[in-house]
Amino acid sequence: MKQLLATLVFLLMSASAAAQSPAADEAFRAQVNTFMDQWHKDAAQADPIYFDKMAVKGIYIGTDKTEIWTRDEFKVWAKPYFDRKKAWAFTAAKRNIYFSPDKSYAWFDEQLNTQMGICQASGVLHRTASGFEIEHYQLSLAVPNPLMDQFTKIIKDFEAKPAAAP
């Protein structure tokens, strides 16, 4: 009985070590990359499954300071784009992926080719029994440092103008 118990403990420890192996880590990163690449493709194809890949209480933060939405608010905002069957097309040029030891959470940063030029984004994924879901995603413009003074002046001037009447 002791030998059986020792063998069982050894097998469990081996399985745990295998799950922490570099190969397992790379396989997990590949799953995250595939999921995120498909999520971006879903938007480009205006496929409503795009929103199903976000957690029910997931948050999407866009490039404008007013764009902080729950998944369902984001879905309402994006409806006109998805109705015309063409939303936005983002493709990752670079992505760094990090994750919890048990691989139940992954977080990443990515540089994206977009219609706005190069953007940067970061996000948090939760791995559930049915796959990944996006808990948090934040998109931002990548402003080159030499242009920052000009860019911030334009924003400051824009925000100083009185709001247009409806």
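About the thresholds
Residues numbered from 1 in each chain as written. Predicted model: local features only at pLDDT ≥ 70, side-chain atom pairs only at ≥ 80, totals over all residues. Heavy atoms only, no water. Pairing = 2+ DSSP bridges. Helix = DSSP H or I, 4+ residues; strand = E, 2+ residues; numbered from the N terminus. Axes fitted to C-alpha atoms, helices over the stretch in contact; angles between N-to-C directions. Contact = heavy atoms within 4.5 Å. Core = buried A, V, L, I, M, F, W, Y, C linked by side-chain atoms within 4.5 Å. Buried < 20%, exposed > 50% of the residue type's maximum accessible area, 1.4 Å probe, protein only.

Trainee: Run through the sheet that holds strand 3 (residues 91–99), naming residues and quoting values.
Mentor: Spatial strand order, 2-1-6-5-4-3: 6 strands in an open sheet with mixed pairing. At either end of the open sheet lies a strand with only one pairing partner, and these are strand 2 (68–70) and strand 3. The average undirected angle you get between the axes of adjacent strands in this sheet is 15 degrees. Across 8 bridges, strand 3 lies against strand 4 (residues 105–114) in antiparallel orientation. The partner of Thr91 across the bridge, within strand 4, is Asn113. Contacts between helix 4 (residues 71–83) and the sheet are confined to strand 1 (54–61) and strand 2, with strand 2 contributing the most and set at about 110 degrees to the helix.

Trainee: Give me the nonpolar core: which residues, what numbers.
Mentor: Grouped together as the largest cluster of nonpolar side chains are 30 residues, with contacts concentrated most on Met36, Tyr50, Tyr60, Phe82, Trp88, Leu125 and Tyr137. Of all the secondary-structure elements, those providing two or more residues to this core are helix 2 (22–44), helix 3 (49–52), strand 1, helix 4, strand 3, strand 4, strand 5 (117–128) and strand 6 (131–141).

Trainee: Explain the pairing of strand 5 to me, using residue names and the numbers behind them.
Mentor: Direction of pairing for strand 4 relative to strand 5: antiparallel, over a ladder of 10 bridges. Paired with Thr114 across the bridge in strand 5 is Gly117. Counting the residues between successive antiparallel strands, the hairpin from strand 4 to strand 5 contains 2 residues. Where strand 5 and strand 6 come together, 10 bridges link them in antiparallel fashion. From the neighbouring strand, Cys119 faces strand 6, where its bridge partner is Leu141. Two successive antiparallel strands, strand 5 and strand 6, enclose a turn made up of 2 residues.

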